[in-house]
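Structure assessment
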Amino acid sequence: ADARAGATARPSGRHPTAAATAADDGPEPDLAAAAALRAWRSATAKRDKVPAYVVLNDKELAGIAARLPSTLEDLARCRGMGPIRLERYGDEIVAALDEARTAG
């Protein structure tokens, strides 16, 4: 018997197709919002002396740029936004998105 009974197997050496991966990502990110968030993430990472992915990784950033939350409550529903990140960066993220909305 297989020790991993019940485990979902993927053929060895194969990766999900680009179409399958894209389908899992949800809606397309808003380009202006994504650019604003990348600029904010870069400045924040420098300020906090951490790598940019520690502030927000690319997938989390894209998810936020797609959902365009306008409140902390909406932002809390985005992938990667737990209570610590929400407390630390939430107001700044919402402000960056507000600026992107008004600039566009």
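This section reports on the structure supplied with the text. (Residues numbered from 1 in each chain as written. Predicted model: local features only at pLDDT ≥ 70, side-chain atom pairs only at ≥ 80, totals over all residues. Heavy atoms only, no water.)

**Considerations on the packing of aromatic side chains**
This structure, assessed with the given rule, holds one aromatic pair. Judged by centre distance (5.5 Å) and plane angle (80 degrees), the rings of W40 and Y89 are edge-to-face. Of the two residues, W40 is situated in helix α2 (residues 31-48) and Y89 in helix α6 (residues 83-103); the sequence distance between them amounts to 49 residues. (Phe/Tyr/Trp six-rings, centres within 6.5 Å; stacked < 30°, edge-to-face > 60°. Helix = DSSP H or I, 4+ residues; strand = E, 2+ residues; numbered from the N terminus.)

**Notes on the side chain of E60**
Of note, E60 is situated in helix α4 (residues 58-67). Here E60 is in contact with R79, G80 and R85, once residues within four sequence places are set aside. (Contact = heavy atoms within 4.5 Å.)

**Description of the packing of α2 against α4**
In contact at an axis separation of 9 Å, α2 and α4 are set at 135 degrees when each is read in the N-to-C sense. The pairing of α2 with α4 is recorded here as oblique in orientation. Relative to α4, the crossing made by α2 is right-handed. Contacts from A33, A34, L37, R38 and R41 in α2 reach D58, L61, I64 and A65 in α4. Counted by class, the contact of α2 with α4 contains six nonpolar, no polar and three charged residues. (Axes fitted to C-alpha atoms, helices over the stretch in contact; angles between N-to-C directions. Parallel < 35°, antiparallel > 145°, perpendicular 65-115°, else oblique. Left-handed = near helix turned anticlockwise from the far one by under 90°. Nonpolar A, V, L, I, M, F, W, Y, C, P; charged D, E, K, R; others polar.)

It is worth stressing that arrangement in space is one thing and function is another; only the former is reported here.
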